[in-house]
Number of protein chains: 2
Amino acid sequence: MKVEYINPFVASTRDLFKTMLNCEAERGEVGVVTEGSRAGDLSAMIGLSGDVRGTVVLGFPIDTALKVAGRMLSSEMQTVDEEVIDAISEAVNIVAGGAKAKFNSGGGPPIALGLPVVVQGGDYNIDFPSKSAWLDVPFTSELGPFALRITFESAAAGTARL
Amino acid sequence: MKVEYINPFVASTRDLFKTMLNCEAERGEVGVVTEGSRAGDLSAMIGLSGDVRGTVVLGFPIDTALKVAGRMLSSEMQTVDEEVIDAISEAVNIVAGGAKAKFNSGGGPPIALGLPVVVQGGDYNIDFPSKSAWLDVPFTSELGPFALRITFESAAAGTARL
């Protein structure tokens with residue numbers, strides 16, 4: 001695992017907030033995730049494949065998710081419905097797509113994207129195989145706190161390690 | 001969405017059970033998933049990218065997951081621990097990898113695989129963007145029932161529809 005791989009995703013997350021949500025997203029310190037997810041959060045994830053395999057997750061407390069989707073849809077969202085799922089799916093797609101472009105133009109390993117998946121509920125955990133490490137970057141924003149979580153395994157190098 | 005895309009995954013699931021678990025897996029009728037997942041199930045998923053983007057999910061009731069992992073590990077598993085997560089991740093990786101090989105040798109669209117993710121918990125739902133359709137193939141086996149769920153969006157054709 002190369003920690004610098006996370007930077008295009010951080011930059012892409014800030015771009016999303018700035019250009020689509022008209023709002024600054026301030027990042028905190030990168031940490032290593034030990035628990036797979038925070039129950040209650042809405043987790044929007046998208047798979048990465050190619051020379052680097054992994055998963056990018058945007059983890060939103062429900063209130064943040066509703067505000068982000070509401071800003072994208074120019075509407076006030078009260079519950080997590082199909083429109084919210086679609087908006088949040090689009091958000092993680094934009095973040096991953098922006099990072100992919102940065103990788104591919106910056107000489108990084110080429111990556112391809114899967115399809116967004118949204119997991120929500122009051123009691124769940126997201127786990128990865130034990131040989132993967134999962135980085136966590138907390139963010140704060142006017143729309144509420146959220147987290148960018150990312151795991152990578154280099155297909156060339158085999159096992160991903162920090 | 002081409003329904004025949006599901007066939008390599010069905011064949012690969014049966015291969016996994018036959019060759020690695022020494023057990024026949026009998027498939028039921030293909031259905032369309034309306035609810036994203038069954039809470040309580042352990043859902044092992046892996047993303048597909050390339051000309052076809054999507055997600056493959058093996059959904060196991062906990063008892064089936066423990067038996068499948070136990071057979072893979074030649075041990076009796078009592079709880080969903082790291083070893084079980086790794087074994088179930090490996091199972092979905094084998095199913096997707098087998099299907100990928102069948103696609104790539106059979107003139108189907110080339111696909112690349114992401115990294116396995118396992119979601120578990122007593123209260124959760126897995127959702128996809130509304131333009132995706134999700135097929136469900138129930139299976140029965142000596143190790144218990146389980147389901148193969150798969151969603152596809154053709155990158156070439158844009159929106160996936162049944």
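Scroll up to find the structure.
The notes below deal with the structure included here. (Residues numbered from 1 in each chain as written. Chains lettered and ligands numbered in written order. Predicted model: local features only at pLDDT ≥ 70, side-chain atom pairs only at ≥ 80, totals over all residues. Heavy atoms only, no water.)

1. Considering helix α2 (residues 62-73) of chain B
- For α2(B), which comprises 12 residues, the first-to-last C-alpha distance of 16 Å matches the rise-based estimate of 16 Å (1.5 Å per residue) to within 8%.
- Note on α2(B): the residue one or two positions beyond its end, Ser74(B), has a positive phi of about 50°. (Helix = DSSP H or I, 4+ residues; strand = E, 2+ residues; numbered from the N terminus. Expected span 1.5 Å × (residues − 1).)

2. Some words on the pairing of strand β6 (residues 117-127) of chain B
- Inspection of the sheet shows strand β6 (residues 117-127) of chain A paired to β6(B) by seven bridges, in the antiparallel sense. Bridge assignment links Ile126(A) to a residue of β6(B), and that residue is Val119(B).
- Direction of pairing for strand β3 (residues 42-50) of chain B relative to β6(B): antiparallel, over a ladder of three bridges. Bridge pairing in β6(B) links Ala44(B) to Val118(B). (Pairing = 2+ DSSP bridges.)

3. Looking at the nonpolar core
- Core analysis: the biggest nonpolar cluster contains 44 residues, and Phe9(B), Phe17(B), Val68(B), Ile88(B), Leu148(B) and Phe152(B) have the highest contact counts within it.
- Going through the elements one at a time, α1 (7-20), β3, β4 (52-60), α2, α3 (82-105), β5 (111-113), β7 (133-141) and β8 (146-154) of chain B are the ones with two or more residues in this core.
- With near-sequence residues (within four places) excluded, Phe9(B) lies in contact with Leu48(B), Val56(B), Val95(B), Ala96(B), Ala99(B), Phe103(B), Ile111(B), Leu148(B), Ile150(B) and Phe152(B).
- If you look at the next biggest cluster of nonpolar residues, it comprises 43 residues, including Phe17(A), Leu66(A), Leu113(A) and Ile150(A). (Core = buried A, V, L, I, M, F, W, Y, C linked by side-chain atoms within 4.5 Å. Buried < 20%, exposed > 50% of the residue type's maximum accessible area, 1.4 Å probe, protein only. Contact = heavy atoms within 4.5 Å.)

4. What to know about unusual backbone geometry
All names here are of chain A.
- Look at Asn-22: it is not a glycine, yet its phi comes out positive at around 50°.
- Locating Asn-22 in the fold gives a position in the loop between α1 (6-20) and β1 (25-27).
- Classification of Asn-22 by relative accessible area gives exposed; the value is 64%.

5. Concerning the relation of the copies chain A and chain B
- Superposition of chain A onto chain B requires a rotation of 180° combined with a translation of 0.0 Å along the rotation axis, giving an RMSD of 0.0 Å. Between the two chains, the operation in question is that of a two-fold axis.
- Looking at chain A, 97% of its interface residues are interface residues in chain B too, so the copies touch through the same face. (Least-squares fit on C-alpha atoms with pLDDT ≥ 70 in both.)

6. Some details on the interface of chain A and chain B
- Contacts between the two partners involve 34 residues from chain A and, on the opposite side, 33 residues from chain B.
- Taken over both partners, the interface formed by chain A and chain B buries close to 2,600 Å², and the fraction arising from carbon and sulfur atoms is 55%.
- For the chain A face of the interface with chain B, the top three residues by lost area are Arg53(A), Leu115(A) and Asp127(A), together amounting to 24%.
- Remark: the boundary between chain A and chain B carries zero salt bridges.
- Here chain A is connected to chain B by 14 residue pairs in polar contact (both at pLDDT 80 or more).
- Counting residues per element, the ones that place at least two in the side of chain A that touches chain B are β3 (42-50), β4 (52-60), α3 (82-105), β5 (111-113), β6 and β8 (146-154) of chain A.
- The dominant element in the side of chain A that touches chain B, judged by the number of residues it contributes, is β6(A), at 11 residues.
- Tallied by class, residues from the side of chain A that touches chain B come to 15 nonpolar, 13 polar and six charged. (Buried area = accessible area lost by both parts, 1.4 Å probe. Salt bridge = Lys/Arg side-chain N within 4 Å of Asp/Glu carboxyl O. Polar contact = N/O pair within 3.5 Å; in protein donor to acceptor, adjacent residues only side chain to side chain. Nonpolar A, V, L, I, M, F, W, Y, C, P; charged D, E, K, R; others polar.)

7. Side note on the packing of α1(A) against α3(A)
All names here are of chain A.
- Where α1 contacts α3, the two axes come as close as 8 Å, and the packing angle between them is 125°. The orientation of α1 with respect to α3, classified from their angle, is oblique. The crossing of α1 and α3 is right-handed. Contact residues: Pro-8, Phe-9, Ala-11, Ser-12, Thr-13, Asp-15, Leu-16 and Met-20 in α1; Ala-91, Ile-94, Val-95, Ala-96, Gly-98, Ala-99, Lys-102 and Phe-103 in α3. (Axes fitted to C-alpha atoms, helices over the stretch in contact; angles between N-to-C directions. Parallel < 35°, antiparallel > 145°, perpendicular 65-115°, else oblique. Left-handed = near helix turned anticlockwise from the far one by under 90°.)

8. Focus on the packing of α2(B) against α3(B)
All names here are of chain B.
- α3 packs onto α2 with a crossing angle of 85° between their chain directions and a minimal axis gap of 9 Å. In terms of their interaxial angle, α2 and α3 are classed as roughly perpendicular. Note on element contacts: α3 touches α2 through Glu-83, Val-84, Ala-87, Ile-88, Glu-90 and Ala-91, opposite Ala-65, Leu-66, Val-68, Ala-69, Met-72 and Leu-73.
- Among the residues making up the contact of α2 with α3, the classes are represented as 10 nonpolar, no polar and two charged.

9. Overview of the pairing of β3(A)
Residue and element names in this part refer to chain A.
- Counting buried positions along β3 gives eight out of nine residues, so the element sits mostly inside the fold.
- Judged from the seven bridges that link them, β3 and β4 form a sheet pairing that is antiparallel. Looking at the pairing, Gly-47 lines up with Thr-55 of β4.
- With antiparallel pairing between neighbouring strands as the criterion, β3 and β4 make up a hairpin whose turn holds one residue.
- Where β3 meets β5, three bridges bridge the pair, whose relative direction is antiparallel. The residue of β5 that forms the bridge with Gly-50 is Ile-111.

10. Describing α3(A)
Residues and elements named next belong to chain A.
- Over its 24 residues, α3 runs 34 Å from end to end, which matches the ideal 34 Å to within 8%, given 1.5 Å per residue.
- When α3 is considered as a whole, its buried residues turn out to be Val-84, Ile-85, Ala-87, Ile-88, Ser-89, Ala-91, Val-92, Asn-93, Val-95, Ala-96, Ala-99 and Phe-103.
- Its side-chain oxygen placed 3.2 Å from the backbone nitrogen of Glu-83, Asp-81 serves as the N-cap of α3.

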